[in-house]
Amino acid sequence: MLQGIWTRGVSLGARPVLANVPRPICFRTLHRSSIPAKTVLSKLPQSTSRIFGTAPGPLNGLLTRSGLWNQGRHLARRPPFDPRFFSANASPAPADLPVLSPPPVAGWLLFSSVLVFAVIVVGGVTRLTESGLSITEWRPITGILPPLSEAQWEDEFTKYKATPEFKLLNHSITLHEFKDIFYMEWGHRILGRVIGVAFVVPLAYFAVRKRLTATLPKQLTGMAILLGLQGALGWYMVKSGLEDSLMDTPGAVPRVSQYRLAAHLGTAFVLYAGMFGSGLAALYDWRYAKTGAWGGLKDGNQWKTALENPLVRRFLRYSKVLTALVFLTALSGAFVAGLDAGLTYNEFPLMGGRLAPPTDELFSRDYAKAPDGSDLWWRNIFENPTTVQFDHRCLALTTYAGTAALFAMTRRPALRAVLPPLARRMAVGVFAMANVQVLLGIATLLYLVPVHLAATHQAGSVMLLTTMVQLLVALRKPGAAARIWRQAAEAARRKP
């Protein structure tokens, strides 16, 4: 009986002694007020009192015994389905809170960034093996399948024979050797298509299911559009190496435009940083909303104090500038790759026995195209292999010095005391990765750009950018939705 009363919203302040006894209709009146238990039981009708043991009979006045009721025990009304008994009601209903991206969204974005990382490395190997010009057409749909018959292979090989690369460099290549470079470029393009599907399809699903934080749909839609443009930009780059005008240019080498290569690589870096940073931010926001942890601190409520500290704000500004420098250094590497500038001055730290090549070599008039020579300086910066390598060296050493300074800043007691633990660890990671990247760059130069070292060096540039993005996200304040969720959770915990 008492069990039936409880399910209808009545709380008895005594230990249960009866169960599965029919509940009389008159007990519904007990839902309306808080009344002394014995007073209520004494007024029950005779027939009902026999059932519940309040009158002589089989139960012999069980409910009215003094040992059952302590002084002041009441029959009190409790709201039906008390939230305290249901874990799902421990915090406000999700419908009352803004959408906060769950961990699957973060996992999808991080996985997408891994795919972009892979396509960057594969693209580097494609360029290093001179495979990028083996496919002479851009067929987004039908190009998914490689040649499946010998006749199809011969057709593709015939198309390649008409390119400047075959006529000037690979005129003795066999069909078997052609298949090797074809599959390299085909794999690069297929991986690009896989990234498109792996990003766009889940994006549509999470958007329809309303699993994306309010700020994410626009950002991710922009990334999806940029991802589509990246494919067109890749073909635009390849097309520059297929132009017949190369045959009429004295000393021309059949390769893609270094400008278009830099644009293609730079776009890939932007996509990678966007996906990786968004995924980390979503993961950290969820962790903060659920556990209160932020920046390596168990008490995430300290984030505002930490980020408003002048020393931390100065450190954050410096980190943003350093991130831009890392990105710029990687772009300069694209110009080095596009011009094969790594094959000149294969020594370090000197260049021809000097810290810098002669001025007339750095700014040669041979690269100026304007009659008055007004384009002398910028054409040498972007088109002269010697100048491009020198610029890359300067940017790389400046970046390394910047990461060393960043690490040294975290060793200062004043900053160390207020900098979040996660940011300190990331700063150490940045400096460690910078050391690895410098060593890879020097080895690549000294050993005349072997494929494995050069590809690893390109992957190292992505990893260095990765550590910088992690550092910036570690110093990011929790998102607005995460803060609201955290406030709601804390309010629910304080509620009696």
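What counts and how
- Residues numbered from 1 in each chain as written.
- Predicted model: local features only at pLDDT ≥ 70, side-chain atom pairs only at ≥ 80, totals over all residues.
- Heavy atoms only, no water.
- Helix = DSSP H or I, 4+ residues; strand = E, 2+ residues; numbered from the N terminus.
- Buried < 20%, exposed > 50% of the residue type's maximum accessible area, 1.4 Å probe, protein only.
- Contact = heavy atoms within 4.5 Å.
- Areas by Shrake-Rupley, 256 points an atom, 1.4 Å probe, with all protein chains shown as cover.
- 1 Å grid on protein atoms, 1.4 Å probe; cavity = no way out; pocket = protein on both sides within 12 Å on 5 of 7 lines; lining within 4 Å.
- Points joined across faces, edges and corners; volume = space filled by probe spheres on them.
- Nonpolar A, V, L, I, M, F, W, Y, C, P; charged D, E, K, R; others polar.
- Expected span 1.5 Å × (residues − 1).
- Polar contact = N/O pair within 3.5 Å; in protein donor to acceptor, adjacent residues only side chain to side chain.
- Phe/Tyr/Trp six-rings, centres within 6.5 Å; stacked < 30°, edge-to-face > 60°.
- Lys NZ or Arg CZ within 6 Å of the ring centre and 35° of its normal.
- Core = buried A, V, L, I, M, F, W, Y, C linked by side-chain atoms within 4.5 Å.
- Salt bridge = Lys/Arg side-chain N within 4 Å of Asp/Glu carboxyl O.
- Patch = residues over 30% accessible without salt bridge, like charges linked within 9 Å, V, L, I, M, F, W, Y side chains within 5 Å.
- Lys, Arg positive; Asp, Glu negative; His and termini not counted.
- Charge placed at Lys NZ, Arg CZ, Asp CG, Glu CD.
- pLDDT = per-residue confidence, 0-100.
- Axes fitted to C-alpha atoms, helices over the stretch in contact; angles between N-to-C directions.
- Parallel < 35°, antiparallel > 145°, perpendicular 65-115°, else oblique.
- Left-handed = near helix turned anticlockwise from the far one by under 90°.

> Tell me about the overall build of the protein chain, and name the residues and values.
Of the regular secondary structure elements, the protein chain holds 18 helices and 3 strands. When burial is assessed residue by residue, the protein chain has 45% of its 496 residues classed as buried. Sequence-distant contacts in the protein chain: of pairs separated by 6 or more residues, those separated by 24 or more amount to 74%. Put simply, the protein chain shows about 26,000 Å² of open surface, and 63% of that area lies on carbon and sulfur atoms.

> So what about empty space enclosed by the protein? Which residues, and what values?
Picture a little ball the size of a water molecule; that probe, rolled over the atoms, points out where space is still empty. Counted under the stated rule, the structure contains 2 cavities of 30 Å³ or more. What the second largest cavity holds in volume is close to 50 Å³. Taken together, Tyr 284, Asp 285, Tyr 288, Trp 294, Gly 295, Leu 422, Val 473, Ala 474, Arg 476 and Pro 478 make up the lining of the second largest cavity. Within the residue set of the lining of the second largest cavity, elements represented by two or more residues are helix H9 (258-291) and helix H17 (451-474).

> Explain the layout of surface pockets residue by residue, including any values.
Within this model, the second largest pocket holds a volume of roughly 670 Å³. Sorting the residues of the lining of the second largest pocket by element identifies H9 and helix H13 (376-383) as the ones contributing at least two each. Residue classes in the lining of the second largest pocket are distributed as 9 nonpolar, 7 polar and 6 charged.

> With reference to specific residues and values, describe helix H16 (residues 421-446).
With 26 residues, H16 should cover 38 Å at 1.5 Å per step; its first-to-last C-alpha distance of 38 Å lies within 8% of that length. A positive phi of about 60 degrees marks Leu 448, the residue just after H16.

> Describe unusual backbone geometry, with residues and values.
With an omega dihedral of 5 degrees, the bond running from Phe 348 to Pro 349 counts as a cis peptide bond. By secondary structure assignment, the location of Pro 349 is in the loop between helix H11 (310-338) and helix H12 (359-362). Of note in this structure, Leu 448 is not a glycine but carries a positive phi near 60 degrees. Positionally, Leu 448 belongs in the loop between H16 and H17. One non-glycine residue, Val 449, lies in positive phi territory at about 55 degrees. Considering the arrangement of structural elements, one finds Val 449 in the loop between H16 and H17.

> Tell me what's going on with the side chain of Thr 410, and back it up with residues and numbers.
Structurally, the position occupied by Thr 410 is in helix H14 (residues 385-410). For Thr 410, a relative accessible area of 2% corresponds to the buried category. From its side chain, Thr 410 meets the backbone oxygen of Phe 407 in a polar contact 2.5 Å long. The residues touching Thr 410, leaving out its near neighbours within four places in the chain, are Phe 315, Leu 415, Arg 416, Leu 419 and Ala 427.

> Please set out the packing of aromatic side chains residue by residue, giving values where relevant.
Tallied over the entire structure, the rule returns 22 aromatic pairs. Ring plane angle 45 degrees and centroid distance 6.0 Å describe the contact between Trp 286 and Trp 485, whose orientation is recorded as tilted. Taken as a pair, Trp 286 in helix H9 and Trp 485 in helix H18 (residues 480-494) lie far apart in primary sequence, 199 residues in all. The class for Trp 286 is partly exposed, based on a relative accessible area of 22%. When the centroid spacing of 5.8 Å and the interplanar angle of 35 degrees are considered together, the rings of Tyr 400 and Phe 431 count as tilted. You can see Tyr 400 sitting in helix H14 and its partner Phe 431 sitting in helix H16, a full 31 residues away along the chain. Every member of this aromatic cluster is reached through a ring pair, and the members are Trp 153, Phe 157, Tyr 160, Phe 166, Phe 178, Phe 182, Tyr 183 and Trp 186. Residue placement shows Arg 260 over the ring face of Tyr 236; its charged tip is 3.7 Å from the ring centre.

> Describe the nonpolar core, naming the residues involved and giving the relevant values.
Of all hydrophobic cores here, the largest spans 74 residues; its most connected members are Trp 108, Ile 120, Phe 199, Leu 220, Phe 315, Leu 471 and Leu 475. Per-element accounting of this core gives the leading share, 12 residues, to H9. Those residues in contact with Phe 199 that lie beyond four places of it in its chain are Trp 108, Leu 109, Ser 112, Leu 220, Met 223, Ala 224, Leu 227 and Met 275. Residues Phe 166, Ile 173, Leu 175 and Phe 178 belong to the second largest nonpolar core, which totals 10 residues.

> Could you give me a rundown of the pattern of salt bridges, with the residues and numbers involved?
For the coordinates displayed, the defined rule picks out 11 salt bridges. One salt bridge connects Lys 159 with Glu 137, and the closest N-O pair in it is separated by 3.0 Å. Residue Lys 159 is found in helix H5 (residues 150-161), and its partner Glu 137 is found in the loop between helix H4 (103-128) and H5; the two are separated by 22 residues along the sequence. Residue classification places Lys 159 among the partly exposed positions, given a relative accessible area of 25%. Several salt bridges share partner residues, and in doing so they unite Glu 137, Arg 139, Asp 155, Glu 156 and Lys 159 into one network.

> Tell me what's going on with a positive patch on the surface, and back it up with residues and numbers.
Taken together, the side chains of Arg 313, Arg 314, Arg 317 and Arg 412 define a basic patch exposed on the protein surface. Tracing the chain through its elements places Arg 412 in the loop between H14 and helix H15 (413-418). With a relative accessible area of 53%, Arg 412 lands in the exposed category.

> Summarise the confidence of the model for the protein chain; cite the residues concerned and give the values.
Summing up the model confidence of the protein chain, the mean pLDDT is 86 and the portion of residues at 70 or higher is 81%. Per-residue pLDDT stays below 50 along residues 1-34; that stretch engages in 63 contacts with residues further than four places along the chain or on separate chains. Considering only residues more than four positions removed or in separate chains, one finds that residues 66-93, a stretch of pLDDT under 50, has 54 contacts.

> Before we move on, could you go through the packing of helix H7 (residues 175-208) against helix H8 (residues 216-240) and cite the residues and values that matter?
Relative orientation of the contacting elements H7 and H8 amounts to 165 degrees, with a least axis distance of 10 Å. Between H7 and H8, the crossing angle belongs to the class labelled roughly antiparallel. The two elements H7 and H8 cross, and the hand of that crossing is left-handed. Within the contact between the two elements, H7 uses Glu 185, Arg 189, Ile 195, Gly 196, Phe 199, Val 200 and Leu 203 and H8 uses Leu 220, Thr 221, Met 223, Ala 224, Leu 227, Trp 235 and Val 238.

> Talk me through the side chain of Ser 461; I want residue IDs and the actual numbers.
Following the sequence through the fold, Ser 461 ends up in helix H17. Setting aside anything within four residues of it in sequence, one finds Ser 461 in contact with Phe 269, Ala 330 and Gln 437.

> I'd like a description of H7, backed by residues and values.
For H7, built from 34 residues, the straight-helix expectation of 50 Å at 1.5 Å per residue is met to within 8% by its first-to-last C-alpha distance of 48 Å. Phi for Lys 210, located one or two positions after H7, is positive at around 55 degrees.

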